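These are the residues of each chain, in order.
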There are 2 protein chains.
Amino acid sequence: MATADGTGSRRRPEFRKGRPTLTRERIARAALEILGESGPAEMTMRAVAARLDVSPRALYNYVADRRDLLREIVAVCQSDRPQPRLDADHWQDSLRTYCRDLRAWYRAHPGMTALARAEDLTPFTSTDLLRPDDTLVGFFLDLGLSPQDAYRAWSITVLQVSGFAEMWDAWHDRPATGADPAAWTGVPPDPGAGELPHLRRVVAETAYEPPDALFESVLAMLVAGVDAMR
Amino acid sequence: MATADGTGSRRRPEFRKGRPTLTRERIARAALEILGESGPAEMTMRAVAARLDVSPRALYNYVADRRDLLREIVAVCQSDRPQPRLDADHWQDSLRTYCRDLRAWYRAHPGMTALARAEDLTPFTSTDLLRPDDTLVGFFLDLGLSPQDAYRAWSITVLQVSGFAEMWDAWHDRPATGADPAAWTGVPPDPGAGELPHLRRVVAETAYEPPDALFESVLAMLVAGVDAMR
DNA sequence: ACCTGAACACCGTTCAAGT
DNA sequence: ACCTGAACACCGTTCAAGT
């Protein structure tokens, strides 16, 4: 059996000619860097190889193909995904805490949901990856939610946190050149006069706040929504 | 001013050398055919050109680039998207009817959500495209939902219908070779014994039904969920 | 065992002509 | 006005060698 983290094995030297040895994980992390800086379109095999100062061919000694690299990227992200510690007796606090952890995790891997959209990553959904989700669903069931409501609450939780991190945080963490973070509604690009009145009203219900404050109010909405389901 | 639908103009002949003239719409429809048959990866400019018996270069007389073709595809799909007719006095029936129409629309353009995931189509979200959504949000507000609940109800509605059409219907409308439509849970691939108990329980709550019956029970869940929000 | 360099079959896109 | 054919700069991937 190989060691779990791959760093303790004595068969593979950590360095080779003064440069660190290539590994699946190092390749995946280089890809993640490009992903965060430039997005999925720039994350080509050639670009990953260039960042590692290696020929594109070298990657194929560790990774079967591009799809296999995506699989490793998912594995690397999964490895530091927060495992929820949820207490049904203090359910509101523990739900908030977990959401804050989850938000930090999404922010640490910017562009991952864009990648998931660009390539189809659902086939890489493993039991390990779903374990936090399972815990969360169990938590909602403990709260007395029906299975359907538990499913919905789980979906809404993950959707709201990931959406917030990938849209709002990504925008604020590295704003586009010449763009104003203070003016952004989310769904509708500025429509004509009198158009989309209801969507506008719903969106207008939220004024601008700094990211952390806005996130807390999203959490408040989420907790209230879950509470209403009980 | 040009005519709106492009077919009534007398400046462009409908045929040329016995073959129908190329138009943005014809190109987009050819792309949609490939999309439904083979998926986003096969929908290349060269493949679209080949289907129209034309050189790849010819497309660029009508479409600025691939991204512009995607824009036209969105426009073509939008043009026959059902506009909801919703009556707050018979809200359950009208919600069901609209959802059935929406399901049919998604089925008529298979692979569109896969395309939306593969390429980022959100920049093409226009006021026209959002008008049905605005109507639906207004409908939920009329029902007495808070803006937040209206937003959630709208999201859940679109998500459930599109998810059903793109996953369940797409599977049944053209099943993969050698696959059994009767055995498919959705989220978790068969996990190990004792793994993911809560997710399994939640998923196991739904037994196999023919698509239409299952869709009706999804609608029942949706209506009940909206009712609980009032 | 693991690397490089050259090559192959693709892709989106453009140039220079044809009619 | 609108087409074709050839070409360019890319891409993922593989082959045949190097050390």
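Everything quoted here is computed from the prediction, not taken from an experiment.

Criteria and thresholds
- Residues numbered from 1 in each chain as written.
- Chains lettered and ligands numbered in written order.
- Predicted model: local features only at pLDDT ≥ 70, side-chain atom pairs only at ≥ 80, totals over all residues.
- Heavy atoms only, no water.
- Near = heavy atom within 4 Å.
- Helix = DSSP H or I, 4+ residues; strand = E, 2+ residues; numbered from the N terminus.
- Least-squares fit on C-alpha atoms with pLDDT ≥ 70 in both.
- Contact = heavy atoms within 4.5 Å.
- Phe/Tyr/Trp six-rings, centres within 6.5 Å; stacked < 30°, edge-to-face > 60°.
- Buried < 20%, exposed > 50% of the residue type's maximum accessible area, 1.4 Å probe, protein only.
- Expected span 1.5 Å × (residues − 1).
- Domains from an automatic or database assignment.
- Buried area = accessible area lost by both parts, 1.4 Å probe.
- Salt bridge = Lys/Arg side-chain N within 4 Å of Asp/Glu carboxyl O.
- Polar contact = N/O pair within 3.5 Å; in protein donor to acceptor, adjacent residues only side chain to side chain.
- Nonpolar A, V, L, I, M, F, W, Y, C, P; charged D, E, K, R; others polar.

(A) View of the protein's contact with DNA strand C. Contacts to DNA strand C come from 17 residues, most closely from Ser55 of chain A together with Arg46, Arg57, Tyr60 and Arg66 of chain B. Atoms of DNA strand C within 4 Å of the protein: sugar and phosphate make up 49%, bases the balance. Only α3 (56-59) of chain A together with α2 (45-51) of chain B provide two or more residues apiece to the surface near DNA strand C.

(B) Structural detail: the relation of the copies chain B and chain A. Screw-axis analysis of chain B against chain A gives a translation of 0.0 Å along the axis, an RMSD of 0.1 Å, and a rotation angle of 180 degrees. The symmetry that links the two subunits is that of a two-fold axis. A high fraction, 100%, of the interface residues of chain B reappear at the interface in chain A, so the copies pair face to face through one surface.

(C) Structural detail: the packing of aromatic side chains. All names here are of chain A. A full pass over the atoms with the stated rule returns 8 aromatic pairs over all chains. Here Phe139 and Phe140 contribute two aromatic rings whose centre-to-centre distance is 5.5 Å and whose plane-to-plane angle is 55 degrees, an arrangement assigned as tilted. Take Phe139: its relative accessible area is 3%, and that puts it in the buried class. According to the relative accessible area criterion, Phe140 is buried, its value standing at 0%.

(D) Broad picture of unusual backbone geometry. You will see that Asp53 of chain B, though not glycine, has its phi angle at about 55 degrees, which is positive. Owing to a relative accessible area of 68%, Asp53 of chain B belongs among the exposed residues under this scheme.

(E) Looking closely at helix α4 (residues 66-79) of chain A. Residue and element names in this part refer to chain A. Compared with the 20 Å implied by 1.5 Å per residue over 14 residues, the 20 Å span of α4 between its first and last C-alpha is a close match. Inspection of α4 places Asp68, Leu69, Leu70, Glu72, Ile73, Val74, Val76 and Cys77 among the buried residues, and these make up the whole buried set. Contact partners of the buried residues in α4: α1 (24-38), α2 (45-51), α5 (91-108), α6 (112-118) and α7 (127-142).

(F) Up close: the domain arrangement of chain A. Residue and element names in this part refer to chain A. Domains assigned within chain A are domain 1 (15-78) and domain 2 (82-229). Residue-level contacts link 12 residues of domain 1 with 16 residues of domain 2. Between domain 1 and domain 2 lies a buried interface of about 1300 Å² when both sides are counted; carbon and sulfur atoms form 71% of it. Across the pair Arg66 and Glu119 runs a salt bridge, and its minimum N-O distance is 2.4 Å. For the pair domain 1 and domain 2, the number of links is 4 residue pairs in polar contact (both at pLDDT 80 or more). Secondary structure elements with two or more residues in the side of domain 1 that touches domain 2: α1 and α4. Per-element accounting of the side of domain 1 that touches domain 2 gives the leading share, 8 residues, to α4. Classifying every residue of the side of domain 1 that touches domain 2 gives 7 nonpolar, 2 polar and 3 charged.

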